[in-house]
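# Close look at the chain arrangement
Residue strings, one per chain:
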Amino acid sequence: MRTKKFGHHGPDVSVIGQGTWYLDRGDRKAAVAALRRGIELGMTHIDTAEMYGDAELVIADAIEGRRDELFLVSKVLPSNASRRGTITACERSLKRLKTDHLDCYLLHWPGSYPLEDTVAAFEELVASGKIRSWGVSNFDADDLGEILEVSDKGRIACNQVLYHLQERAIEHAVIPWCEKHGVAVVAYSPFGHNDFPSPRSKGGDVLQKIAEAHDATPRQVALAFLTRAAAVFAIPKASSAEHAAENAAAGDLVLSAGEIEALDKAFQRGPKPRSLPML
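Residues numbered from 1 in each chain as written. Predicted model: local features only at pLDDT ≥ 70, side-chain atom pairs only at ≥ 80, totals over all residues. Heavy atoms only, no water.

## Topic: the packing of aromatic side chains
All told, the structure shown has 7 aromatic pairs when counted by the stated rule. Between the aromatic rings of Trp21 and Tyr52, the centroid separation amounts to 6.1 Å while the plane-to-plane angle is 20 degrees, which identifies the pairing as stacked. One end of the pair, Trp21, is in the loop between β2 (12-14) and α1 (28-40); the other, Tyr52, is in the loop between β3 (45-47) and α2 (55-63), and 31 residues separate them in sequence. On the basis of relative accessibility, which here comes to 7%, the residue Tyr52 falls in the buried class. (Phe/Tyr/Trp six-rings, centres within 6.5 Å; stacked < 30°, edge-to-face > 60°. Helix = DSSP H or I, 4+ residues; strand = E, 2+ residues; numbered from the N terminus. Buried < 20%, exposed > 50% of the residue type's maximum accessible area, 1.4 Å probe, protein only.)

Printed below as a string of structure tokens:
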């Protein structure tokens, strides 16, 4: 599994991690097995959020005895992101995850509380050892500029955003902003939301041919394409150990310049949207 530096001052983190949205909706035993298999194969970046129902509890079962190997991330809801509320939400997540610290803690999306209050809470959590870094999610370039104004340089570790082959809006402004400021970009829902390209579509045919050339799967090719930039990581979710293994194998897949060009042409990024897409 390849690793990359996570933000300005962060550690090396697996380029492919594990998402957990809706993880609590299916078979719990299978979900735990999937997470454990992913960890065994190097997908040590595990992402969750207080919004994700009982996902934090499922993760706690899966990571028992392996916490020190992991880069563990959770998120605070904007409705809880006051200075006091952020700290309380973090402590609640720590308890559910059965750990004494998070490697990164994110504001789930821009909300109504002043960003300086949320940032102050993040820095208080860092000082107390409850989190090691902080970042944001679903922030457009303008939002990133606003939070940069109320935080010290180099403090924003990452921005987690929607990014898949058929939704490349972040390539217009978000990725360039993050690259300029040393902020990691984490792609959530990297296979789309129940709309991965059909093998019968033109784009799906391109994916399939590239996959066959590498003895890989189309989903592995998609992950390799999305993480081609040095700043970008991806956190696909797996519902089974087999699916986790498939995702992990993408961490060693490197596409040629010609293959990247073919995918770029097959899945054009389109014009810059008025607002940042999110799920």
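Anyway, onward from the coordinates.
## Section: the sheet that holds strand β6 (residues 134-137)
Spatially, 7 strands are ordered β3-β4-β5-β6-β7-β8-β9 in an open sheet, and the strand pairing comes out parallel. Only two strands of the sheet have a single neighbouring strand rather than two, namely β3 and β9 (232-234). When the angles between neighbouring strand axes are averaged without regard to direction, this sheet yields 25 degrees. Packing of helix α5 (residues 141-149) onto the sheet brings it into contact with β6 and β7 (156-162), and relative to β7 it is tilted by some 160 degrees. Packing against the sheet, helix α6 (residues 174-181) makes contact with β7, β8 (184-188) and β9, and its axis sits at approximately 165 degrees to β7. (Pairing = 2+ DSSP bridges. Axes fitted to C-alpha atoms, helices over the stretch in contact; angles between N-to-C directions. Contact = heavy atoms within 4.5 Å.)

## Regarding unusual backbone geometry
A positive phi angle is found at Asn138, which is not glycine, with a value near 60 degrees. On the secondary structure map, Asn138 appears in the loop between β6 and α5. Unlike most non-glycine residues, Ser189 shows phi in positive territory, near 50 degrees. Its location among the elements puts Ser189 in the loop between β8 and α7 (202-213).

## Things to note about the side chain of Thr86
The topology assignment puts Thr86 in helix α3 (residues 83-97). Side-chain polar atoms of Thr86 contact the backbone oxygen of Ala81, separated by 3.4 Å. Residues contacting Thr86, with those up to four places away along its chain left out, are Val76, Asn80, Ala81, Tyr105, Thr118, Ala121, Phe122 and Leu125. (Polar contact = N/O pair within 3.5 Å; in protein donor to acceptor, adjacent residues only side chain to side chain.)

## Considering the packing of α3 against helix α4 (residues 115-127)
As a packed pair, α3 and α4 sit with axes 8 Å apart at the nearest point and diverge in direction by 45 degrees. The angle between α3 and α4 falls in the class oblique. As for how α3 packs across α4, the hand of that crossing is right-handed. Along its contact with α3, which presents Arg83, Thr86, Ile87 and Cys90, the element α4 presents Asp117, Thr118, Ala120, Ala121, Phe122, Glu124 and Leu125. Residues that form the contact of α3 with α4 fall into these classes: 6 nonpolar, 2 polar and 3 charged. (Parallel < 35°, antiparallel > 145°, perpendicular 65-115°, else oblique. Left-handed = near helix turned anticlockwise from the far one by under 90°. Nonpolar A, V, L, I, M, F, W, Y, C, P; charged D, E, K, R; others polar.)

## Here we look at the pairing of β7
The element β7 is extensively covered by neighbouring structure, given that 7 of its 7 residues are classed as buried. Of the strand pairs in this sheet, β6 and β7 are connected by 3 bridges, and their pairing is parallel. Bridging across to β7, Trp134 finds its partner in Ile156. Regarding the hand of the β-α-β motif, the stretch spanning β6, α5 and β7 is right-handed. Relative to β8, β7 runs parallel, the two being bridged by 5 bridges. For Leu162, the partnering residue across the bridge sits in β8 and is Tyr188. What joins β7 to β8 is α6, and the crossover it makes is right-handed. (Right-handed = clockwise from strand over helix to strand, strands pointing away.)

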